[in-house]
Amino acid sequence: MPSRSPAEELDVDGVAVRLSNPDKIYFPELGENGGRKRDLVGYYREMALQGAIMTALRDRPTFLQRFPEGVEGEEIYQKHIAKKRPDHVQSTHIVFPSGRTGDAIKPTIPADVVWGANLGTFTFHSWPTVDPDNEHPDQLRIDLDPQPGTDFDDVRRVAIEVLAPLLEELGYKGFPKTSGGRGIHVFVPIEPKWDFIATRRAVIAIAREMERRDPEGVTPAWWKEERGERIFIDYNQNARDRTMASPYSARRSPNARVSTPVTWDELADVDPDDCTIATVPDLVARRGDPMDDIADHRRGIEPLLEMVQRDDENGLGDMPYPPSYPKMPGEPPRVQPSKKVAAHWDEKGNRIED
């Protein structure tokens, strides 16, 4: 077992943050050339001081996806704030789908992010809400997820040719970012006046309209057996307690890829493998943060709720929630189509299964 390197103290905008075992290898593929714990923590320090990741995380409930033993080690997914923590690390109250409550980390200053990174946090997962109102999202989050037989180029095409024009027609501004994997996330700022049920239905309406415009390339189908070789719009990322990798979060990948905000023009050519903890700080320093003014573009979701109403009138109601959620009002049965049992009723009203 490699020996531990001595701890160091980092100055993060006037706040001292301890960096433990800084020379530990987190990314073996990179080794000592950019793959140490100090490289990851240093990345977060730079992005926090630049302000870009603070724009993404400030005052939002944030979960920590931690890999204390590095990219090849076990994952710790931390939703609740630790009782033992520095005084500068604050919390915010959240309600889970079950009705249980808890307190999540609420980053407010750069030192909070660096402290989290020292715990082995690769990815910060933020809620689409801002403290103290964690009941009304201020973002719709559209997750374009490639299915088997598709790749990043297919996701890119759908984002640029299908989603971007649709959002423009509806009067919304979308902010794209690489997922850090094979997908693309698009954040749409909205006024925080509607609950999670309404905002999730709004994204379902967007997904259905995307499918109408490109039925061979897009699907909102929850059941994998119905998706085919299409791009899945994961509408359930907008359900309560579901989070996405925040902008500028590193991901669990051999080369330390980063979920990177890009302009729509940049999206046409970006290679996700070029967006890493080694390259993104210079990119942001050179051209700024495309999401810097995201909160200035909030808009109401009334046009989307009109689309929801039209779908309802045409027999297209709600769609299934994830299996861990309680049964929701108006939700269809959570039974994948191939396992549905055909049934009919006899003359006395008794259910007969075929």
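Keep in mind that this is a model prediction, so the values were computed, not measured. (Residues numbered from 1 in each chain as written. Predicted model: local features only at pLDDT ≥ 70, side-chain atom pairs only at ≥ 80, totals over all residues. Heavy atoms only, no water.)

1. Concerning the pairing of strand β6 (residues 101-106)
Piece 1. Bridge analysis of strand β5 (residues 90-95) against β6 gives six bridges, and the strand direction is antiparallel. By the bridge assignment for β6, Val95 is matched with Thr101.
Piece 2. In this structure, the hairpin formed by β5 and β6 is closed by a connection of five residues, where Gly99 is found at a positive phi of approximately 100°. (Pairing = 2+ DSSP bridges. Helix = DSSP H or I, 4+ residues; strand = E, 2+ residues; numbered from the N terminus.)

2. Some details on the pairing of strand β8 (residues 139-146)
Piece 1. Of all the eight residues making up β8, seven are buried; the element is thus mostly covered by neighbouring parts of the structure.
Piece 2. In this structure, β8 lies alongside strand β10 (residues 184-189), joined through six bridges in antiparallel fashion. If you follow Ile142 over to β10, its bridge partner there is Val186.
Piece 3. Of the pairings in the sheet, the one linking β8 to strand β12 (residues 231-233) comprises three bridges and is antiparallel in character. The residue bridging Asp145 from the neighbouring strand is Phe232, located in β12. (Buried < 20%, exposed > 50% of the residue type's maximum accessible area, 1.4 Å probe, protein only.)

3. Description of the sheet that holds strand β11 (residues 218-219)
Piece 1. Strand order in the open sheet formed by five strands is β9-β10-β8-β12-β11, and the pairing between neighbours is mixed. What marks the edges here is a single partner per strand, and that holds for β9 (175-178) and β11.
Piece 2. Bridge count for β11 against β12 is two bridges, and the pairing is parallel. Counterpart to Val218 in the pairing with β12 is Ile231.

4. With respect to helix α4 (residues 152-170)
For an α-helix, 3.6 residues make a turn, and residues three or four places apart therefore share a direction.
Piece 1. Given a rise of 1.5 Å per residue, 19 residues ought to cover 27 Å, and the 26 Å separating the end C-alpha atoms of α4 matches this to within 8%.
Piece 2. Of the residues making up α4, those classed as buried are Phe152, Val155, Arg156, Val158, Ala159, Val162, Leu163, Leu166, Leu167 and Leu170. (Expected span 1.5 Å × (residues − 1).)

5. Some points on empty space enclosed by the protein
Piece 1. Inspection of the entire model under this criterion finds one cavity of 30 Å³ or more.
Piece 2. Taken as a whole, the largest cavity holds about 80 Å³ of empty space.
Piece 3. In terms of lining, the largest cavity is formed by Ala52, Thr55, Ala56, Arg60, Ser126, Gln139, Arg141, Phe187, Pro247, Asp289, Met291 and Ile294.
Piece 4. Secondary-structure elements contributing two or more residues to the lining of the largest cavity are α2 (52-57) and β8.
Piece 5. Per-element accounting of the lining of the largest cavity gives the leading share, three residues, to α2.
Piece 6. Of the residues that constitute the lining of the largest cavity, the class distribution is six nonpolar, three polar and three charged. (1 Å grid on protein atoms, 1.4 Å probe; cavity = no way out; pocket = protein on both sides within 12 Å on 5 of 7 lines; lining within 4 Å. Points joined across faces, edges and corners; volume = space filled by probe spheres on them. Nonpolar A, V, L, I, M, F, W, Y, C, P; charged D, E, K, R; others polar.)

Geometric descriptors of this kind do not, in isolation, establish any biological role.
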